[in-house]
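# Examining the three-dimensional arrangement
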Amino acid sequence: MDDDIPKHRLDDTTGDPIVDGFLPSLRPLVEAASRAPECRLAPGFFREHVLVVERFARRLAPLFGADLAVVVPAAILHDIAALEDFSRVAEHHELGAVRAAGILRAHGLDEGRIGRIASCIRAHVRPVSPEGRPEEACLSHADALAQMANPSYWLDYARTTRGLAFPGGRDW
């Protein structure tokens, strides 16, 4: 269905050789989760949301003084728990931080960086001030901007995934 839509081209570099070594494998992992039969999120979630969040995060990082080697993996993995178990979407930020930490450990990332990435994922569901927490703020803002940049997708999500009619979806 969406295979005939051109793939977004994103840079696979963050400036950190360790992160850059496994970064190309993160997108296919998340995309596969979004296409799994048990995934309840609307079709195209990976393309219409995850990649858009990554694009915004890459643009915001230098403005916030955020570390791309933290922000980019966090952007790619921020909704992994919602993709894998939508029944727990209300806590996907907490579950996603744990799941992302496991994925990043398997790639040999150091615990300090894993903690910073997990912190971004935990915080992405609420507004965060960039003062003292630039990576968390970057992901939080990128996630919000991605939702504002694509309202037709989110209205469809409200209808197909949440089962809301137009007034309920609009108000959601």
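Every chain is numbered independently, its residues counted from 1 as its sequence is written. Per-residue local features are limited, in this predicted model, to residues with pLDDT of at least 70; the limit for side-chain atom pairs, both in listing and counting, is 80 or more; totals at the level of whole chains, interfaces and linings are taken over all residues. Side-chain metrics rest on all non-hydrogen atoms present in the structure, leaving aside hydrogens and water.

Here the focus is the environment of T13. Summarising the element assignment, T13 is placed in the segment before α1 (17-35). The rule is simple: take the accessible area with a 1.4 Å probe, protein chains only, and divide by the maximum for that residue type; under 20% is buried, over 50% is exposed, in between is partly exposed. Owing to a relative accessible area of 38%, T13 belongs among the partly exposed residues under this scheme. Separated by 84 residues in the primary sequence, T13 and A97 place their C-alpha atoms 22 Å from one another. Should any heavy atoms of two residues lie within 4.5 Å, those residues are considered in contact. If near-sequence neighbours (up to four positions away) are discounted, T13 is found in contact with D20, L23 and R58. Each helix is a run of H or I in the DSSP string that is no shorter than four residues. Each strand is a run of E no shorter than two, and both are numbered from the N terminus.

Another aspect to go through is the pattern of salt bridges. We define a salt bridge as a side-chain nitrogen of Lys or Arg found within 4 Å of a carboxyl oxygen belonging to Asp or Glu. In this structure the tally under the stated criterion is 12 salt bridges. As a salt-bridge pair, R47 and E48 come within 3.0 Å of each other at their nearest N and O atoms. Note on E48: relative accessible area 21%, which makes it partly exposed. Connected through salt bridges with shared partners, the residues R27, E54 and R58 form a single ionic network.

Further remarks concern the state of the cysteines. Criterion for a disulfide: a pair of cysteine sulfur atoms at a distance within 2.5 Å. Enumeration according to the criterion identifies zero disulfides in this entry. Between C120, a free cysteine, and C138, which holds the nearest cysteine sulfur, the sulfur-to-sulfur gap is 7.9 Å. For C120, a relative accessible area of 1% gives the class buried. Overall, C138 belongs to the buried group, its relative accessible area being 0%.

On to the nonpolar core, then. Only buried residues count toward a nonpolar core, which is a set of Ala, Val, Leu, Ile, Met, Phe, Trp, Tyr and Cys residues joined through side-chain atoms within 4.5 Å. In this structure, V30, L41, L77, I121 and C138 are the most contacted members of the largest nonpolar core, which totals 53 residues. Those elements that place two or more of their residues in this core are α1, α2 (45-64), α3 (68-77), α4 (80-84), α5 (92-106), α6 (111-123), α7 (134-149) and α8 (151-160). Top element by residues in this core is α2. It accounts for 10 residues. When sequence neighbours within four positions are dropped, the list of residues in contact with L77 reads L26, L29, V30, A100, I103, L104 and I121.

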